[in-house]
Amino acid sequence: MTSDFNPLLPTQQDNSRLQIWIVGSRDQVIHAMNELYVKKVATDRVQFTPIIPAPFSEGKFMSVLTR
């Protein structure tokens, strides 16, 4: 990934939050989201963004966990 996408990333300069990006097939993303929830890395499923097609990789999907 190049720095061309940096302006598209939602960031807050004063209150940066940790982001975990999950990229893979739809099933892989769902499995990883479930695994992170069961292991209590995410305390609520609302912390994940909806699953969307990855803009930088055709055929892949992504979700972001914001903590």
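Here, the structure is the one placed above.
The structure contained in this document is the topic of the report that follows. This structure is a prediction, so every number in the text was calculated from the model and none was measured.

## Thoughts on the pattern of salt bridges
Under the defined criterion, the tally for this structure stands at 1 salt bridge. Among the ionic pairs, Glu35 bridges to Lys39, the shortest N-O distance being 3.1 Å. The partly exposed category is assigned to Glu35, whose relative accessible area is 34%.

## Quick notes on the sheet that holds strand S2 (residues 52-53)
Adjacent strands of a sheet form backbone hydrogen bonds with each other and so pair up, either parallel or antiparallel. The strand order across the open sheet built from 3 strands is S1-S3-S2, with neighbouring strands paired in antiparallel fashion. Every other strand in the sheet has two partners, leaving strand S1 (19-24) and S2 as the edge strands with one partner each. Looking at chain direction, S2 and strand S3 (residues 61-66) are connected through 2 bridges and run antiparallel. Its bridge partner being in S3, Pro53 is matched across the sheet by Phe61. Here helix H1 (residues 26-38) sits on the sheet and contacts S1 and S3; the angle it forms with S1, its principal contact strand, is near 145°.

## Things to note about unusual backbone geometry
Among all residues except glycine, the phi angle is most often negative; among peptide bonds, the trans geometry is most common. Here Lys40, not a glycine, exhibits a phi torsion of approximately 65°, which is positive. Within the secondary structure, Lys40 sits in the loop between H1 and S2.

## Some thoughts on the environment of Gly24
Residue position: Gly24 is located in strand S1. Separated by 37 residues in the primary sequence, Gly24 and Phe61 place their C-alpha atoms 5.5 Å from one another. Here Gly24 is in contact with Val29, Lys60 and Phe61, once residues within four sequence places are set aside.

## So, the environment of Leu65
Mapped onto the elements, Leu65 comes out in strand S3. For Leu65, a relative accessible area of 0% corresponds to the buried category. Placed 17 residues apart in sequence, Leu65 and Phe48 show a C-alpha to C-alpha distance of 4.5 Å. With sequence-adjacent residues up to four places away left out, Leu65 is seen in contact with Leu18, Gln19, Ile20, Leu36, Val41, Ala42, Gln47 and Phe48.

Conventions adopted
- Residues numbered from 1 in each chain as written.
- Predicted model: local features only at pLDDT ≥ 70, side-chain atom pairs only at ≥ 80, totals over all residues.
- Heavy atoms only, no water.
- Salt bridge = Lys/Arg side-chain N within 4 Å of Asp/Glu carboxyl O.
- Buried < 20%, exposed > 50% of the residue type's maximum accessible area, 1.4 Å probe, protein only.
- Pairing = 2+ DSSP bridges.
- Helix = DSSP H or I, 4+ residues; strand = E, 2+ residues; numbered from the N terminus.
- Contact = heavy atoms within 4.5 Å.
- Axes fitted to C-alpha atoms, helices over the stretch in contact; angles between N-to-C directions.

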